[in-house]
Amino acid sequence: MAEPAQADIKGWLAGLARTSQRWINATVVAGTLAGLATIVQMVLLAWLVYQGVIAGEPVSALTPWFLVLVGMLVVRAVCQGLQTRFAARCSEQVRRHARRQLNDHWQAAGPVALSEASAASLAREWLDHVEALHGYFARFLPQMILATVIPLMILALVFWLDWLAGIFLLLSAPLIPLFMALVGMGAEKVNQQHFETISRLSGQFLDKVRGLTTLQLFGQTAQASDTLYQRSDQYRRITMKTLKVAFLSSAVLEFFSSVAIAVIAIYIGFGLLGYITFGPSDQLTLFSGLLILLLAPEFFQPLRTLSQHYHDRAAALGAGAEILARLQEPVSGAGNVQAQTKPTATADTIALSGVSLRYSDSPPVFDQLNMQVKRGEVIALTGPSGGGKSSLLHLLAGFIRPDAGTISVFGQSAGSSPFGWLGQKGFWIQGSWADNLRLTSPDASDIAIENALRRVGLAELLDSREQGINSRIGEDAQGLSGGQARRLSLARIFLADHELVLLDEPTAGLDATSEICVLEALHKLSEAGKTVIFSTHHQALLALANRVLIVSGAEVRNA
Amino acid sequence: MRELRPWLQLILRRRGRLVAGGALLLATLISGIALLALSGWFLTETALVGLLFAAGVQAYINLYVPGSGIRFFAVSRTVSRYLERLYNHNTVLSLLTDIRVALFNRLAQAGKRQRGDKTGAQWLSRLTADVDALDTLYLRLIAPTALAALVTLMIVGLAWLLFSGTIALILLGILATAFGLATWGLYVRTRALSGQLNERQEQLRGQVIEHLEGFAELTAAGRTGKHSGRLMRHAFALSQSQAEVDARVGWHLSVTVLLVNLSAVIALWAGFGLFQQDLVSGPVLVLLPIALLGLGEVYGMLPEAFGKFGATLAAARRLNEDVQPADEQPGFQKRPAGQGAKQSALTASDLAVGHPGQSSVITHFSVAVEPGDRLGVVGVSGSGKSSLADTFAGLIDPVAGSLESLPCTYLTQTTVVFDDTVKANLLLGNPEATDGELWHVLELVELAERFSREVAGLDTWLGNGGSRLSGGEARRLVLARVLLSKAPLVILDEPFTGVDADTRGRIAPRIDQWLDGRAVISLGHGPEALLPSGHILHLN
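Note that the structure is a prediction, hence the values are computed from the model and not measured. (Residues numbered from 1 in each chain as written. Chains lettered and ligands numbered in written order. Predicted model: local features only at pLDDT ≥ 70, side-chain atom pairs only at ≥ 80, totals over all residues. Heavy atoms only, no water.)

A. Spatial organisation of the overall build of chain B. The helix and strand inventory of chain B stands at 19 helices and eight strands. Against the 2.2 N^0.38 benchmark of 24 Å for 540 residues, chain B shows a C-alpha radius of gyration of 34 Å, more extended than a compact globule. When the backbone C-alpha atoms are referred to their principal axes, chain B occupies close to 115 × 55 × 50 Å. Counting the 540 residues in chain B, one finds 56% classified as buried. When contacts within chain B are restricted to residue pairs at least 6 apart in sequence, those whose partners lie at least 24 apart make up 80%. Carbon and sulfur atoms make up 58% of the accessible area of chain B, which amounts to about 22,100 Å² in all. Of note, chain B has its 47 positive side-chain charges centred 6 Å away from the centre of its 46 negative side-chain charges. (Helix = DSSP H or I, 4+ residues; strand = E, 2+ residues; numbered from the N terminus. Rg over C-alpha atoms; globule rule 2.2 N^0.38 Å. Buried < 20%, exposed > 50% of the residue type's maximum accessible area, 1.4 Å probe, protein only. Contact = heavy atoms within 4.5 Å. Areas by Shrake-Rupley, 256 points an atom, 1.4 Å probe, with all protein chains shown as cover. Lys, Arg positive; Asp, Glu negative; His and termini not counted. Charge placed at Lys NZ, Arg CZ, Asp CG, Glu CD.)

What follows is the structure, encoded as structure tokens:
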């Protein structure tokens, strides 16, 4: 997979943000209101101190204002609570959206393209990578806006109170964007380093755990433990060297905010004493002075919060890169307009006309292929490996689309109505036998399920279980052998009763019992009048077919 | 809570570091609070003195002490924050190492049987997640909790000194409530949900993998839409549970902050009463509420950590189960060799083989292998071949019957290459082997040329899981490792997986010659997959 450009990833994240813009806006509004409530709280606090200490108002006269202050605290708490609630809702929607995009891509790519990636890594994208988007949308994105809006509100108020103090504040955070970039660079470095170290450490640990049996066999576990310790310690020392520098950026933010508070406190103090003879300081009172002091830490707080959430951004960009790389993978045959035109052949045949197929730069798999199969025929496809047997089955299944030509399956385009498919690997899910069969035939009765299982020779296994078809497949912790799994897949085909059944090497690598079962099952299917097409080298299977076709050298011919 | 004990013991081994890191955290926090509180005190003092000046009254004010105090705290806050981050990061990385090494050692003590089927990729990914969850124990959980409690007591003590015992008690009541809500209260309210999240996610992962493995069949049956819809619903339900945890954390956080602010407001209100009775001065009256506001910072760190506490405990519980000590014997052990004058390499009589708790895959199996013998065992996958090999090698105990053997070396069916150098990978087979011997066995499996082309030679790094080798090369490398061992009995399970027929044809006789005089049991899916064998058994 090609790594998508940084701009594309940001664009994709922005697109996701648009899908739940409503919740992001609500989060920002709640956050801004909480910020406003905080400002009002500080105003009231400073005013009350002024009234009590300087103006000498009695407590009883101030009590109503104390109640207003408590009310403001409640407003602030409610807004903060709502902010997290909305943020969680936003991330919920975004994750659902991203998962749907991946699902749609899987659907469009089809089983063949999908099988090129391991199921585990696809599942990781769908689960963990999407999960990694959470912090970005729930925390970082709203905080980006809040870290601009709230400091600006405070700055405006401070300027109104005392423009010189405002300038101190402004000077300490020269320009908010510049500051954010500074914080960002530092935080990004720290996070990158931290995650790299952890993943290396985990890698070393997992490597040893994975090979533990081997280490035990050679009696080398103690040495491995030493190596693990030394490697980890080495990583730690290297990481610490980088962090010494990287942490400086957050120290700079800390320094500016501390110095700003100190400078403001001393300036206001001297101003109140009347020692400062220039500027607006003769207008200062304990109210305005204390308020500026109380607001100063709140001015820096949103920036500090943002720097704490910076790793969310890095995580989202990393995860986004992998998800987007998957989404950008081309979908086969998407450009073939001809293949999408309505097939015209009759409802009783499967017809391929003028079908061409090639994979990237290799020689064509098929070139202008024409072929017809009548309803009820049993067709065996044979030929050298790599000759195109599987490709032909995939075309008939609609898993891949031809570069040119049309395929009509009983008057419809390939894959548009259900059919039976048996791949080289059987497939079963954790659950009962019945669950497994109802996966493809949800309405099947218990009796029908039992019959289908009996027809593929799984009766013996079934009878040995107390709960019959309702017993769990993996209950002996062994699961199914390859042959049993393939017979289970065959049982699904029997149960679903499809007109067309496609099988890719149905007997390859099977034990003798399973092989016989599959042969008998195929025979039963053909007797039932189904159209059966399979690829094989197996002599007994070839004998079962009405017609044997040799697929080789970009063409298909009768044997 | 008991599940945390082994991990806490591990963390507490670095008690000195933890205390020093905690002290730095405390210094940072107190500097911040003191900077603001002292500034507030200073402003009020100057305002009052300024009024006297304006009224033409002679008054004295010491500007030097508070001024330098403010400057000192401004600097100490910055410096202690920087040192604290650096020092505690170092601690966290050390703990990270400690936890992994300890976990590895405990896993190593348990035999293959105790680990059971816990070797799959899914188990490993879960293990990683669980270990990661424990990494945050100190910095996110222990340190802030201890710190919040300590600073609270300090400020309450300050209130006692400056204001009165009653006010101090009221403040203690409010702050204790805030503390309880941010820690225990939140833990109780999120424990069930948070503890299940990981398990639910792993279940969902299993379902997604099933969906993908069955994608062709589901597509054929026209069921992908329905099936993926089900996955989407499960994923959404999971997101909703996470959102629920997040929201509860958010509410607890905002109520905690509310209570901390409320304590400041009450301190101010009660202080006015004392101020008007001339029991406290104006500057002192302002100092305490501002100090209380400063508590918000440390209290704010608690809910996030305690919302995840349920998950942390669940992770610890799972890890404890993973490393449960072996019940009877201390894990993996070599079986005692048989007695008697004429020593067989391996004697099995009436052996039953299988995994404990499951029906035996092989029963009534008897065989005797003499030194120099070549025994082949052929069976399709699922015939119990690998279980038999595991039993021969002593990885699992026989279900029934008796087995005696000489010390053996065993090539397992899975190819295990470590993320290390060629040399380190080979030396596992025989730590005393010289470089010459290493090159010799590499020659034997036709890998010598491959690595002599590399600049680093034997020090060539093989990458994660041997990713820089092809399947066949990796197999031959682990084969070479086994050949280095001097054990009199050699067990090879599918020795040539992924090795092409030509190469196999060339190296098999050479290996046979190299192992001359030693007993070899090779197992495979067909006779061609074995070492040339004098006697071949077929498993049904």
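So that's the structure; there's more coming.
B. Geometry of the overall build of chain A. Assigned secondary structure in chain A consists of 18 helices and ten strands. Against the compact-globule benchmark of 24 Å for 559 residues, chain A has a radius of gyration of 35 Å, which places it well outside the compact range. Based on the C-alpha atoms only, the size of chain A along its principal axes is roughly 110 × 65 × 50 Å. Within chain A, the proportion of its 559 residues that are buried is 55%. Excluding contacts between residues fewer than 6 apart, the proportion of contacts in chain A whose partners are at least 24 apart in sequence is 76%. Accessible area for chain A stands at about 23,000 Å²; split by element, carbon and sulfur atoms hold 56% of it. Between the mean site of the 43 positive side-chain charges and the mean site of the 44 negative ones, chain A shows a separation of 3 Å.

C. Quick look at the interface of chain A and chain B. With 127 residues of chain A in contact, the opposing surface of chain B contributes 126 residues. Across the interface of chain A and chain B, roughly 11,300 Å² is buried in total on both sides, 71% from carbon and sulfur atoms. Our count for the chain A to chain B interface comes out at seven salt bridges. Residues Arg81 of chain B and Glu254 of chain A are paired through a salt bridge, measuring 3.4 Å at the closest nitrogen-oxygen approach. Per-element tally for the side of chain A that touches chain B: the top contributor is helix 9 (residues 221–273) of chain A, with 30 residues. Considering only residue class, the side of chain A that touches chain B consists of 69 nonpolar, 36 polar and 22 charged. (Buried area = accessible area lost by both parts, 1.4 Å probe. Salt bridge = Lys/Arg side-chain N within 4 Å of Asp/Glu carboxyl O. Nonpolar A, V, L, I, M, F, W, Y, C, P; charged D, E, K, R; others polar.)

D. Just the sheet that holds strand 5 (residues 408–411) of chain B, in detail. Residues and elements named next belong to chain B. Taken in spatial order, the five strands line up as 5-6-7-3-8 in an open sheet, and their pairing is parallel. Bordering the open sheet on either side are strand 5 and strand 8 (535–538), each of which pairs with just one other strand. Going from strand to strand, the sheet's axes swing by 15 degrees on average, the running direction of each strand aside. With five bridges joining them, strand 6 (residues 489–493) and strand 7 (residues 519–524) adopt parallel strand pairing. The partner of Ile491 across the bridge, within strand 7, is Ile521. (Pairing = 2+ DSSP bridges. Axes fitted to C-alpha atoms, helices over the stretch in contact; angles between N-to-C directions.)

E. Focus on the confidence of the model for chain A. All names here are of chain A. The predicted model of chain A averages 85 in pLDDT, with 91% of residues at 70 or higher. Across chain A, element-level confidence peaks in helix 2 (residues 21–54) with a mean pLDDT of 95 and bottoms out in helix 7 (residues 176–210) with 69. With pLDDT under 50 throughout, residues 334–341 is counted as low confidence; its partners more than four residues away or in other chains account for 14 contacts. (pLDDT = per-residue confidence, 0-100.)

F. Layout of helix 9 of chain A. Residues and elements named next belong to chain A. Look at helix 9: 73 Å from first C-alpha to last across 53 residues, which is about the 78 Å you get at 1.5 Å a residue. Of all the bends in helix 9, the largest measures some 35 degrees and sits at Leu243. Gly274 sits one or two positions beyond helix 9 and adopts a positive phi of about 80 degrees. (Expected span 1.5 Å × (residues − 1). Bend = angle between axes of the 7 residues up to and from the residue.)

G. Inspection of a nonpolar patch on the surface at higher detail. Residues and elements named next belong to chain A. On the surface, Phe159, Trp163, Ile167, Leu170 and Leu171 cluster together into a nonpolar patch covering about 450 Å² of accessible area. With four residues, helix 6 (residues 163–172) is the largest single contributor of residues to the nonpolar patch. Examined against the element boundaries, Ile167 turns out to sit in helix 6. Classification of Ile167 by relative accessible area gives partly exposed; the value is 31%. (Patch = residues over 30% accessible without salt bridge, like charges linked within 9 Å, V, L, I, M, F, W, Y side chains within 5 Å.)

H. View of the domain arrangement of chain B. Assigned domains of chain B: these are domain 1 (2–322) and domain 2 (346–538). Of note, the centres of domain 1 of chain B and domain 2 of chain B, computed from C-alpha atoms alone, are 52 Å apart. (Domains from an automatic or database assignment.)

I. A look at the pattern of salt bridges. Residue and element names in this part refer to chain A. In total, this model carries 43 salt bridges over all chains according to the counting rule given. Arg139 is the partner of Asp312 in a salt bridge, and the nearest nitrogen-oxygen pair spans 2.9 Å. Of this pair, Asp312 sits in helix 11 (residues 310–327) while Arg139 is found in helix 5 (residues 134–161), placing the two residues 173 residues apart along the sequence. The exposure class of Arg139 is partly exposed, given its relative accessible area of 29%.

J. Local environment of the domain arrangement of chain A. The domain architecture assigned to chain A consists of domain 1 (6–327) and domain 2 (338–558). The C-alpha-based centres of domain 1 of chain A and domain 2 of chain A are spaced at 54 Å.

K. Inspection of the environment of Gly300 of chain B at higher detail. As for its position among the elements, Gly300 of chain B is in helix 11 (residues 296–300). Sequence-wise, Gly300 of chain B and Leu253 of chain B are 47 residues apart; in three dimensions their C-alpha atoms are separated by 6.4 Å.

L. How the structure looks around the pairing of strand 7 of chain B. Residue and element names in this part refer to chain B. Most of strand 7 sits inside the fold, with six of its six residues counted as buried. Here strand 3 (residues 374–378) runs beside strand 7; their pairing, made up of five bridges, is parallel. Across the sheet, residue Leu375 finds its bridge partner in strand 7, namely Ile521. This β-α-β element, strand 6 to helix 19 (residues 501–514) to strand 7, shows right-handed connectivity. (Right-handed = clockwise from strand over helix to strand, strands pointing away.)

M. Just the sheet that holds strand 10 (residues 555–558) of chain A, in detail. All names here are of chain A. Taking strand neighbours across the sheet as the criterion, the six strands line up as 6-7-8-3-9-10 in an open arrangement whose pairing is mixed. Of all strands in the sheet, those bounded by a partner on one side alone are strand 6 (420–422) and strand 10. Adjacent strand axes in the sheet meet at a mean angle of 20 degrees, parallel and antiparallel pairs treated alike. Where strand 9 (residues 547–552) and strand 10 come together, four bridges link them in antiparallel fashion. Each residue of the ladder has a partner; that of Ser552, found in strand 10, is Glu555. Sitting on the sheet, helix 12 (residues 389–397) is in contact with strand 3 (378–382), strand 6, strand 7 (500–504), strand 8 (531–535), strand 9 and strand 10, with an inclination near 150 degrees to strand 7. In the packing of helix 17 (residues 512–527) onto the sheet, contacts are made with strand 3, strand 7 and strand 8, and the angle to strand 8 comes to roughly 145 degrees.

N. Focus on the packing of aromatic side chains. Counting across every chain of the model gives 19 aromatic pairs over all chains. Aromatic side chains Tyr136 of chain A and Phe137 of chain A sit 5.0 Å apart centroid to centroid with 90 degrees between the ring planes, which places their arrangement in the edge-to-face category. Judged on exposure class, the residue Tyr136 of chain A and its partner Phe137 of chain A are both buried. Ring-pair connections join several aromatic residues into one group, and the members of that group are Trp184, Tyr187, Phe306 and Phe309 of chain B. We note Arg89 of chain A situated over the ring of Trp23 of chain A; from NZ or CZ to the ring centre the distance is 5.4 Å. The ring of Phe236 of chain B has Arg96 of chain A sitting right over it, with the charged end atom 3.9 Å from the ring centre. (Phe/Tyr/Trp six-rings, centres within 6.5 Å; stacked < 30°, edge-to-face > 60°. Lys NZ or Arg CZ within 6 Å of the ring centre and 35° of its normal.)

O. Just unusual backbone geometry, in detail. At Glu505 of chain A, a position not held by glycine, the phi torsion is positive, near 45 degrees. For Glu505 of chain A, the position within the fold is in the loop between strand 7 and helix 17. In this model, Asp350 of chain B sits at a positive phi of 55 degrees, which is unusual for a non-glycine residue. Inspection of the secondary structure puts Asp350 of chain B in strand 1 (residues 346–353).

P. Structural view of the nonpolar core. Among the nonpolar cores identified, the biggest contains 217 residues, and Trp126, Phe137 and Leu290 of chain A together with Leu477 of chain B are the most heavily contacted of them. For this core, the element with the most residues is helix 9 (residues 224–276) of chain B, which contributes 17 residues. Look past the residues within four positions of Phe137 of chain A in its chain and what remains in contact with it is Leu13, Leu16, Ala17, Cys90, Val94 and Pro142 of chain A. One finds Ile449, Ile493, Leu510 and Val532 of chain A within the second-largest nonpolar core, a separate group that totals 36 residues. (Core = buried A, V, L, I, M, F, W, Y, C linked by side-chain atoms within 4.5 Å.)

Q. Layout of the side chain of Thr440 of chain A. Tracing the backbone shows Thr440 of chain A in the loop between helix 13 (433–438) and helix 14 (446–455). In this structure Thr440 of chain A comes out as buried when scored by relative accessible area, which is 11%. For Thr440 of chain A, the contacting residues outside a window of four places in its chain are Arg492 of chain A together with Glu217, Leu218, Ala221 and Arg223 of chain B.

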